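Residue-level listing of the chains:
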Number of protein chains: 2
Amino acid sequence: MTVTSSSTELLSRAQRVRRSALELAQCSDAQRSAALQAMATALRRHEGAILAANQLDCHGATQEGLAAPLLARLKLNGAKLAGCIRGLQEVAALPDPLGCLQLHRELAPGLNLERVSVPLGVLGVIFESRPDAVIQIAALAIRSGNGALLKGGREALNTCQAIFTALQEGLAKSSVDPNSLDLLTSRGEITTLLQLDELVDLIVPRGSNAFVRYIQEHTRIPVLGHADGVCHLYVDQQVNIPMAIAVAMDAKIQYPAACNAIETLLVHQQVAAQFLPPAIQAFTAAGVTLRGDEQAMALGVPEAATPEDWGQEYLDLMLAVRVVEDMEEAINHIRRHGSRHTDVICTEDGAAAERFLGAVDSAGVFHNCSSRFADGFRYGLGAEVGISTQTMPPRGPVGLEGLVTYRYRLRGHGHTVAPFARGDQSFSHQNLLNS
Amino acid sequence: MTVTSSSTELLSRAQRVRRSALELAQCSDAQRSAALQAMATALRRHEGAILAANQLDCHGATQEGLAAPLLARLKLNGAKLAGCIRGLQEVAALPDPLGCLQLHRELAPGLNLERVSVPLGVLGVIFESRPDAVIQIAALAIRSGNGALLKGGREALNTCQAIFTALQEGLAKSSVDPNSLDLLTSRGEITTLLQLDELVDLIVPRGSNAFVRYIQEHTRIPVLGHADGVCHLYVDQQVNIPMAIAVAMDAKIQYPAACNAIETLLVHQQVAAQFLPPAIQAFTAAGVTLRGDEQAMALGVPEAATPEDWGQEYLDLMLAVRVVEDMEEAINHIRRHGSRHTDVICTEDGAAAERFLGAVDSAGVFHNCSSRFADGFRYGLGAEVGISTQTMPPRGPVGLEGLVTYRYRLRGHGHTVAPFARGDQSFSHQNLLNS
């Protein structure tokens, strides 16, 4: 790391967060829940200051000509803040992710092994304009026993600082050390943060795909996030056409900017002539622009798709349409152009559905339902830390379990390896869990 | 990636392995087990050719002056090969790591979510001289439904090729496509392999710490491996001295070159005068060189430790000794100098043991037993893929579960998100597992 005075200062702050996090990890379930309640109380007490700081940020952002969608994300009001506080209380009420006994085994008489869930340590969280993310991530971090270095967008600086002041004041009235959280305020600190691989265990980026990809490419620390969501819906030969149209419409138009919206529709050639005309009508009526291959165009898709359309994440009311020879061609298309996020088959043929669910290696493989269900809350995970498109676990929508790891505890009575190595003693390997 | 003819050729081979692996992932438990049995049979049939190839490699290595320990690892004989074949059959008999239902939940009536274990896809395995690693890793890969690109050491080339020919011949007689495995034979291919992040899901390096660290620093693909094993044993105030000496001796001398051997002994000042003299005597008698701080030297440790001794991985009959003021100082020493591999406390004080097991954030935290138990076979994991010192799971000794991930399967009947978003329908989130 290039040593500058600012990076040295951040290093010592990160070390302080790490020390505090080690003690936070010793706090009980009740203590961590109570800390979240104290954070909620402090946020309510500081509501005026937070909203005033937010007005200042919004004013500055308007003057600087921040784009309207970003401005909308930046803006806080009483109702939005109250929603954040409710979210914080919901996280407080979630089952404790720590101390779960994942394995309990007698290795030999008197020598017992446990595997228990423990915090990761310190999270580095970097997000673009939304200041409410500070509250959500701070809640998830403390609930899971992790310290966190939080970096918000420059345009939300005053709001983040006001929120952070409230959160630390809340923590000061709890058993959790307020130094478990720290707020980074300058852009240069991101570069330093991404290099702190001995102090930070996981980076959680929140923002655009380009932003997440930038983070992934500039750190050796594991990153929990997804850069691409190229989801497909395949309409099989034996299909309930009205159902497939309804599912496809929901998957495309219910929230087109979401990563779990579909970008490409694949249609079996045997059903294309029946399916496409009414589907094209429905999509067109909903304002969706369709781009298709030759066969799809012959059935009414108005624009031609270019090779760049396959695998494109439009995040908009756009949909690529391709007619495929059979399911295997659909599966190969998804393997080639997909991002292993979520892919759907609509079919009444149970064997075809099982083949698709077995052969498409995406984090989510769905049968006869909308790709938009791929979400931590909808999956019932309680809170969503993020959606991961990496292959290694945690994968797909990730709840609190994405912020914990495990530790092996072995308790003996003077046991040594030598007699086992010599063959004088042997392992019993008796599972003590669920028995 | 820099495109050269050799990298283009490797790219197309890796794509072939990936395609074959996708079909391998569809094979049943019985088919994958049978493939391992067929590999074992083929190895026995090719024993003569394999041992002849190995003699050629050993002859070449001797002429090139390969160091004796590496030469010992390179050498195969009938008994060693028979051991490998037995190991392969043991992996065949392990419980299937695939298809495990980790979560089963009704999201809403008729909309059911499952989370099942699935293969990662393709492994990239790079190992130094030991040719028997080809057999072990190929067995673990096929058992867990993964394709693998295998790269052995240059000095083991003939042996690896003979083994690989046998393995592919075995696979050809099974339901598993022989192209699920491929053997890389030139050093330049490692560079290319490390760049194939769209085709390779996990890199498993087997070799020296420096080798593993090199791999970690030169790829964006996740790496399952550990570069450092700096393990500590802390002797607490209330301790059974003969037991602590026996445990410390086993942890140091039973196999000093292992990553789970201890490198530093920390002794509570209140017990140092009783513990150290007999401990020094035992270690010295066993040929262990001790280096200590001032207080340890005052009690008989012959050499002075320099600051570089703390956190040093000797992998040899060397041990650093430090007298600490109390357990907190020991914990802080471990946090500062340890590698989060495995650390041990010897104490008769239950509360002290719990504090140590809670506060030391290493993959393994042990009470009154040797650090040498930190091992996949000793933990009863069946087979050891490797030991991971990363914080994120999989952590510590990793069995077959380190080679699998999971996939969410959602089955509906035309379910769309819109009515849930409008509030017309609500989620039931009923767990269907263990109920």
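The written sequence of each chain sets the order in which its residues are numbered from 1. Ligands are numbered from 1 and chains lettered from A, in the order in which they are written. Owing to the predicted nature of the model, reporting of local features is limited to residues with pLDDT of at least 70; listing and counting of side-chain atom pairs is limited to 80 or more, with chain, interface and lining totals taken over all residues. Only hydrogens and water are removed before side-chain values are computed, so all heavy atoms of the structure are retained for them.

Caption draft 1: Looking closely at the overall build of chain A. Starting at the N terminus, helices and strands are each numbered in turn, a helix being any DSSP run of H or I of at least four residues and a strand any DSSP run of E of at least two. Of regular secondary structure, chain A possesses 15 helices and 17 strands. Seen through its principal axes, chain A has C-alpha atoms that stretch 75 × 75 × 40 Å. The buried label goes to any residue with under 20% of its type's maximum accessible area, the exposed label to any with over 50%, and the partly exposed label to all in between, with areas taken from a 1.4 Å probe on protein chains only. Residues counted as buried form 57% of the 435 residues belonging to chain A. By definition in these notes, contact holds between two residues if any of their heavy atoms fall within 4.5 Å. In chain A, the share of contacts with a sequence separation of at least 24, taken over all contacts with a separation of at least 6, comes to 72%. Counting 36 positive and 45 negative side-chain charges, chain A places the averaged centre of each group 8 Å from the other. All tallies of charge rest on Lys and Arg as positive and Asp and Glu as negative; His and the ends of each chain are not included. To locate a charge, take NZ of a lysine, CZ of an arginine, CG of an aspartate or CD of a glutamate.

Caption draft 2: A look at the relation of the copies chain B and chain A. With an RMSD of 0.1 Å, the fit of chain B onto chain A corresponds to turning through 180° and sliding 0.0 Å along the axis. This pairing of chains is accounted for by a two-fold axis. Mapped onto chain A, 100% of the interface residues of chain B again fall at the interface, so both copies present the same surface. Only residues with pLDDT of at least 70 in both copies contribute their C-alpha atoms to the least-squares superposition of the copies.

Caption draft 3: A look at the domain arrangement of chain A. Boundaries of every domain are those given by an automatic assignment or by a domain database. When the domains of chain A are assigned, the result is domain 1 (5-217) and domain 2 (231-373). Of note, the centres of domain 1 of chain A and domain 2 of chain A, computed from C-alpha atoms alone, are 38 Å apart.

Caption draft 4: Broad picture of the packing of aromatic side chains. Pairing of aromatic side chains here covers Phe, Tyr and the six-membered ring of Trp, requires ring centres within 6.5 Å, and sorts the geometry by plane angle: under 30 degrees stacked, over 60 edge-to-face, intermediate tilted. On inspection of all chains with the given rule, the structure shows 12 aromatic pairs over all chains. On the basis of an interplanar angle of 85° and a centroid distance of 5.8 Å, the ring pair of Tyr406 of chain A and Tyr408 of chain A is categorised as edge-to-face. Accessibility classification places Tyr406 of chain A together with Tyr408 of chain A in one group, the buried group. One aromatic cluster is present, built from ring pairs that chain together Phe373 of chain A together with Phe420 and Phe427 of chain B.

Caption draft 5: Representation of the sheet that holds strand E6 (residues 202-206) of chain B. All names here are of chain B. Here the rule is simple: two strands pair whenever DSSP picks up at least two bridges between them. Spatial strand order, E5-E4-E3-E6: 4 strands in an open sheet with parallel pairing. Two strands in the sheet have a free side with no partner beyond their single neighbour: strand E5 (181-184) and E6. Strand-to-strand twist across the sheet, computed as the mean angle between neighbouring axes with direction ignored, equals 20°. The sheet contact formed by strand E3 (residues 122-127) and E6 spans 5 bridges and is parallel. Along E6, the bridge assignment pairs Gly124 with Ile203. Fitting a line to C-alpha atoms yields each axis, with helices limited to the stretch in contact; the angle taken between N-to-C directions then spans 0 to 180 degrees. Sitting on the sheet, helix H8 (residues 188-195) is in contact with E3, strand E4 (147-151), E5 and E6, with an inclination near 145° to E3.

Caption draft 6: Examining helix H7 (residues 157-172) of chain A more closely. Over its 16 residues, H7 of chain A runs 22 Å from end to end, which matches the ideal 22 Å to within 8%, given 1.5 Å per residue. Its buried side turned inward, H7 of chain A meets helix H2 (29-45), helix H3 (47-63), strand E3 (122-127), helix H6 (132-143) and strand E5 (181-184) of chain A. Helix span, as expected, comes to 1.5 Å for every residue beyond the first.

Caption draft 7: Inspection of the interface of chain B and chain A at higher detail. Each partner contributes residues to the interface: chain B has 73 residues there, and chain A has 74 residues. By definition, the buried area sums, over both parts, the 1.4 Å-probe accessible area that each loses when the two are put together. Interface area for chain B against chain A, summed over the two sides, is near 6300 Å², with a carbon-plus-sulfur share of 54%. Note on definitions: salt bridges are taken to be side-chain nitrogens of Lys or Arg within 4 Å of carboxyl oxygens of Asp or Glu. In this structure, the connection of chain B to chain A is made through 12 salt bridges. Of the charged contacts, one joins Glu23 of chain A and Arg355 of chain B as a salt bridge, the two residues approaching to 3.6 Å between their closest N and O atoms. Of all the elements, strand E16 (residues 404-415) of chain B adds the most residues to the side of chain B that touches chain A, at 12 residues.

Caption draft 8: Here's a closer look at the packing of helix H3 (residues 47-63) of chain B against helix H7 (residues 157-172) of chain B. Residue and element names in this part refer to chain B. Where H3 meets H7, the closest approach of the two axes is 7 Å, and the angle between their N-to-C directions is 165°. It follows that H3 is roughly antiparallel to H7 by the angle criterion. In this structure, H3 crosses over H7, and the sense of that crossing is right-handed. Within the contact between the two elements, H3 uses Ala49, Ile50, Ala53, Asn54, Leu56 and Asp57 and H7 uses Leu157, Asn158, Thr159, Ala162, Ile163 and Ala166. Note on residue classes: Ala, Val, Leu, Ile, Met, Phe, Trp, Tyr, Cys and Pro are nonpolar, Asp, Glu, Lys and Arg are charged, and everything else, Gly too, is polar. Broken down by class, the residue content of the contact of H3 with H7 amounts to 8 nonpolar, 3 polar and 1 charged. When an angle is under 35 degrees it counts as roughly parallel; over 145 it counts as roughly antiparallel; between 65 and 115 it counts as roughly perpendicular; any other value is oblique. Whether a crossing is left-handed or right-handed is set by the direction in which the near helix is turned from the far one by less than a right angle, anticlockwise for left-handed and clockwise for right-handed.

Caption draft 9: Up close: the pattern of salt bridges. Considering all chains together, one arrives at 54 salt bridges over all chains under this definition. Across the pair Glu23 of chain A and Arg335 of chain B runs a salt bridge whose closest N-O atoms are separated by 3.9 Å. Residue Glu23 of chain A is found in helix H1 (residues 5-24), and its partner Arg335 of chain B is found in helix H13 (residues 327-337); the two belong to separate chains. One connected set of salt bridges, linked through shared partners, spans Arg18, Asp201 and Arg407 of chain A together with Arg340, Asp361 and Arg395 of chain B.

Caption draft 10: Spotlight on the state of the cysteines. The disulfide criterion is simple: two cysteine sulfur atoms within 2.5 Å. Within the structure shown, the criterion is met by 0 disulfides over all chains. The structure places no disulfide on Cys160 of chain A, whose sulfur is separated from the nearest cysteine sulfur, that of Cys84 of chain A, by 11 Å.

Caption draft 11: Structural detail: the side chain of Arg143 of chain B. Residues and elements named next belong to chain B. Inspection of the secondary structure assignment puts Arg143 in helix H6 (residues 132-143). In protein, a polar contact requires one atom able to donate a hydrogen and another able to accept it; more generally it is a pair of N or O atoms within 3.5 Å, and residues adjacent in sequence count only if both atoms are side-chain atoms. Within polar-contact distance, the side chain of Arg143 engages the side chain of Asp29 at 2.7 Å. A polar atom in the side chain of Arg143 sits 3.4 Å from the backbone oxygen of Ala92. Aside from chain neighbours lying at most four places away, what touches Arg143 is Asp29, Arg32, Ser33, Leu36, Val91, Ala92, Leu94, Pro95, Asp96, Pro97 and Leu400.

Caption draft 12: Expanded view of the confidence of the model for chain A. Averaged over every residue, the pLDDT of chain A is 93; the share at 70 or more is 98%. Here the complex is predicted with pTM 0.90, and the ipTM for its interfaces comes to 0.91. Residue-level confidence of the predictor is summarised by pLDDT, bounded by 0 at the bottom and 100 at the top.

Caption draft 13: Focus on H6 of chain A. Residues and elements named next belong to chain A. For H6, spanning 12 residues, the distance from its first C-alpha to its last is 17 Å, which sits close to the expected 16 Å at 1.5 Å a residue. Across the 12 residues of H6, 11 count as buried, placing the element largely inside the fold. Within the span of H6, buried status applies to Asp132, Ala133, Val134, Ile135, Ile137, Ala138, Ala139, Leu140, Ala141, Ile142 and Arg143. Note on H6: the residue one or two positions beyond its end, Gly145, has a positive phi of about 75°.

Caption draft 14: Looking closely at the sheet that holds strand E7 (residues 231-235) of chain B. Read across the open sheet, the 11 strands follow the order E17(A)-E1(A)-E2(A)-E16(A)-E13(B)-E12(B)-E7(B)-E8(B)-E11(B)-E9(B)-E10(B); overall the sheet is mixed. Looking along the sheet, the strands with just one partner apiece sit at the ends: strand E17 (430-431) of chain A together with strand E10 (303-304) of chain B. As paired strands, strand E1 (residues 101-108) of chain A and E17 of chain A are joined by 2 bridges and run antiparallel to one another. When the bridges of E17 of chain A are listed, Arg105 of chain A appears paired with Asn431 of chain A. In the packing of helix H11 (residues 269-285) of chain B onto the sheet, contacts are made with E7, strand E8 (262-268), strand E9 (289-292) and strand E11 (318-324) of chain B, and the angle to E8 of chain B comes to roughly 145°.

Caption draft 15: Structural view of the pairing of strand E2 (residues 111-119) of chain A. Residues and elements named next belong to chain A. With 8 of its 9 residues buried, E2 lies for the most part within the structure. Direction of pairing for E1 relative to E2: antiparallel, over a ladder of 6 bridges. Along E2, the bridge assignment pairs Arg105 with Leu113. Remark: 2 residues form the turn of the hairpin made by E1 and E2, two consecutive strands paired antiparallel; Gly110 in that turn has positive phi of roughly 85°. Two elements, E2 and strand E16 (residues 404-415), share 8 bridges in a ladder whose sense is antiparallel. The partner of Val116 across the bridge, within E16, is Arg407.

Caption draft 16: Highlighting the nonpolar core. Residues Leu43 and Ile142 of chain A are the most contacted members of the largest nonpolar core, which totals 57 residues. For this core, the leading source of residues is H6 of chain A, giving 9 residues. Joining through side-chain atoms within 4.5 Å is the link that ties buried Ala, Val, Leu, Ile, Met, Phe, Trp, Tyr and Cys residues into a set, and such a set is a nonpolar core. Cys27, Ala61, Ala148 and Val204 of chain B belong to the second-largest nonpolar core, a separate cluster that totals 56 residues.

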